[in-house]
Amino acid sequence: MSGSGKPPVRHVDAIVVGAGFAGLCLLYRLRGLGLSVRVFETGAGVGGTWFWNCYPGARCDVESLQYSFSFSEELQQEWEWTERYASQPEIQRYLDHVADRFDMRRDISLETTVTAAIYDEQANLWRVETDRGDVFEARFCIMATGCLSAARVPDIKGLDRFGGQWFHTGRWPKQPVSFRGKRVAVIGTGSSGIQAIPMIAAEADHLFVLQRTPNFSIPAWNAPLPVERQNEWKENYEEHRRAARNSRSGILYEYAQRGTFEVDEDERRREYERRWATGGANFTHCFNDIFFDRSANDLAAEFVREKIREIVKDPKVAEMLTPTDHAIGTKRICVDTDYYKTFNRENVTLVDLRQAPIEEITETGIRTAAAHYDLDAIVFATGYDAVTGALLKIDIRGRDGLKLADKWHGGPRSYLGLMMAGFPNLFVITGPGSPSILTNVVVSIEQHVDWVARCIDHMRAGGAERIEPTEEAEDAWVREVGEVASKTLFTGTNSWYMGANIPGKPRVFLPYVGGFGKYSQICETVAAEGYRGFQLA
Ligand code: FAD
């Protein structure tokens, strides 16, 4: 404390909020430019998503060889992945290794939440405050707060009086949780629920799965990673990474070049079967019109519905699990291990909340409009206030005291998902209006971090101290993001991509859906043309 009782203000060149993949990558790159950096992280460890989501069954659904950093050749050569899809503990080990290997921890303040980031126009500095009373100032402030980090527990009457345990998958405790001998409810059947349900069912005395909307899920067919495959990737990493960066989603799927109706029924069926047998989200790239043409989408969706009916023995349960209200892929496609099969277990009951919604949580369980379920534990797999949630929890104020929350009142506005007019020198990693959650997010993170680092380097070389997008460039980008989305089937679905899971959140399609490869080319061109659409001073 200084003499006045106020905490001393500390200065660094750049402040980074968040220590997940993005925060760690930023720290590495910005240090490389010779900048002093301070990273703040709410969690007690690094890892972000992979620190918080240690629920049973948590796993990446992009293959491990692709879901990893490319910035260090030694790292990608030396790290050994053990499975086709890495589990949460393995990714956490990887990120801990990264933090240690590059001596990152000395610049990271854990268990420290940034509460405010306020721009001082005269000094051209961001003043950042934390819940520990720290005040830091920096020329650059970079939000690496995550697209899926603001966990959402729905506002259900009575949760505070529940006598059992409750958890959110995205805030899972570090101490072991046992469901043995217990009656458990999982609320939510999105990606996290679909991963956790088979694991909890195998342990609990009885599992109630409380479902509002059924989702499409494709089997992962996870397996140990063959040494030869890992070796082949390591020998050709540069080429594979380059191909991924040029692809639609930053992932090396087999992107079909032909449309659904360019082949006959038999061939179509063979293709669906082949993709189902290969596993994972590759399925949704079986034909190139699936996100654009409802009748093409319907055929792929119907194939998955048939699979559900084949796997689930009780026709009534199968029907309840069958999605009919949205086009396949327009909600995040789930990738599972034994999800549908789990409903053949005697100790699993599927509860349809559309028929009978939850009315309240009681001391002993959950009451729906139809019944009371006695429970020892409740697991909320209810997702996130996606993309904008973590940013809007911070009191961010730009020029003339403009609050980000006010600027985004009708939906997020940004240029390239990277910066906002009125907020000079404030960057966002995988922000709204960038491909972010539609991609291999690590590829998106590396592209953004690289762009930001090169931008800062360019500014220093040219003596510029301030960068900010123009209102015109921002307006044009917001229009472009909306227009591209409107040509797809995505905007017809009530999904968290649209903000539909959060009461009162503006219904805006959050990511840029024009393709990762195209997007990163736009970013490159903008930079090459002297940061077109930005004002540098
Ligand atoms: P995060 O990992 O979310 O890290 C952000 C960090 O910022 C968090 O630790 C948070 O505590 C911290 N933070 C936020 N606000 C503040 C604040 N005010 N002060 C201090 N700290 C703050 N992506 C894929 O590409 N493929 C997948 O298969 C995949 N699977 C996923 C599975 C789950 C269960 C979840 C939740 C997400 C998944 N994702 C996946 C998306 C995943 O979030 C990204 O891949 C990636 O981990 C994001 O890294 P990040 O650093 O941007 O954000």
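Labelled according to an unreviewed UniProt entry, the chain appears under the name NAD(P)/FAD-dependent oxidoreductase, originating from Propylenella binzhouense. The UniProt entry for the chain carries this comment under Cofactor (unreviewed entry): "FAD".

Peer 1: Help me get a handle on the pattern of salt bridges, residues and values and all.
Peer 2: In this structure the tally under the stated criterion is 43 salt bridges. Note that Glu360 is salt-bridged to Arg161, the shortest N-O span being 2.6 Å. Placement of Glu360 in strand E15 (residues 358-361) and of Arg161 in the loop between strand E8 (140-143) and strand E9 (165-168) is noted, with a sequence separation of 199 residues between them. The class for Arg161 is partly exposed, based on a relative accessible area of 35%. Where Arg367 meets Glu360, a salt bridge forms, and the shortest distance between an N and an O atom there is 3.1 Å. The class for Arg367 is partly exposed, based on a relative accessible area of 32%. Through salt bridges with shared partners, a single ionic network connects Arg31, Arg38, Asp103, Arg106 and Asp107.

Peer 1: For helix H9 (residues 294-311), give the residues involved together with the corresponding values.
Peer 2: With 18 residues, H9 should reach 26 Å at 1.5 Å per residue; the first-to-last C-alpha distance of 25 Å fits that figure. Three or more residues of H9 are buried, namely Ala296, Asn297, Ala300, Ala301, Phe303, Val304, Arg305, Lys307 and Ile308. Tucked inside the fold, the buried residues of H9 contact strand E12 (217-219), helix H8 (265-278), helix H10 (315-321) and helix H11 (339-342).

Peer 1: Give a description of the site of the ligand that names residues and reports values.
Peer 2: The full set close to the ligand counts 34 residues, and Glu41, Thr49, Asp61, Tyr67 and Val441 are the nearest of them. The separation between a nitrogen atom of the ligand and a polar main-chain atom of Thr42 is 3.1 Å. The contact in question runs from an oxygen atom of the ligand to an N or O atom on the side chain of Tyr67, over 2.5 Å. In the complex, 95% of the free accessible area of the ligand, which totals 970 Å², lies under the protein chains. The leading source of residues in the shell around the ligand is helix H2 (residues 49-52), at three residues. Its residues assigned to classes, the shell around the ligand shows 17 nonpolar, 14 polar and three charged.

Peer 1: Got a sec to walk through the sheet that holds strand E10 (residues 183-187)? Specific residues and values, please.
Peer 2: Judged by pairing direction, the sheet is parallel, and its five strands sit side by side in the order E9-E18-E10-E11-E14 without closing on themselves. This sheet does not close on itself; its edge strands, each paired only once, are E9 and strand E14 (348-352). On average, each strand axis in the sheet is inclined to that of its neighbour by 15°, with strand direction left out of account. As defined by bridge partners, E10 adjoins strand E18 (residues 377-380) across four bridges and the pair is classed as parallel. Each bridged residue has a counterpart across the sheet, and for Val186 the counterpart in E18 is Val379. With respect to the sheet, helix H5 (residues 191-203) is in contact with E10, strand E11 (206-211), E14 and E18, its orientation differing from that of E11 by roughly 155°.

Peer 1: Mind laying out the domain arrangement of the chain, listing which residues take part and the relevant values?
Peer 2: According to the domain assignment, the chain consists of domain 1 (9-150 + 386-536) and domain 2 (152-216 + 329-383). Relative to domain 2, the C-alpha centre of domain 1 lies at a distance of 31 Å. Taken together, the contact pairs 23 residues of domain 1 with 19 residues of domain 2. Arg332 is paired through a salt bridge with Asp61; the nearest N and O atoms lie 3.0 Å apart. Partitioning the side of domain 1 that touches domain 2 into residue classes produces 14 nonpolar, seven polar and two charged.

Conventions adopted
Residues numbered from 1 in each chain as written. Predicted model: local features only at pLDDT ≥ 70, side-chain atom pairs only at ≥ 80, totals over all residues. Heavy atoms only, no water. UniProt positions renumbered as here; feature names shortened; annotations may be inferred. Salt bridge = Lys/Arg side-chain N within 4 Å of Asp/Glu carboxyl O. Helix = DSSP H or I, 4+ residues; strand = E, 2+ residues; numbered from the N terminus. Buried < 20%, exposed > 50% of the residue type's maximum accessible area, 1.4 Å probe, protein only. Expected span 1.5 Å × (residues − 1). Contact = heavy atoms within 4.5 Å. Near = heavy atom within 4 Å. Polar contact = N/O pair within 3.5 Å; in protein donor to acceptor, adjacent residues only side chain to side chain. Areas by Shrake-Rupley, 256 points an atom, 1.4 Å probe, with all protein chains shown as cover. Nonpolar A, V, L, I, M, F, W, Y, C, P; charged D, E, K, R; others polar. Pairing = 2+ DSSP bridges. Axes fitted to C-alpha atoms, helices over the stretch in contact; angles between N-to-C directions. Domains from an automatic or database assignment.

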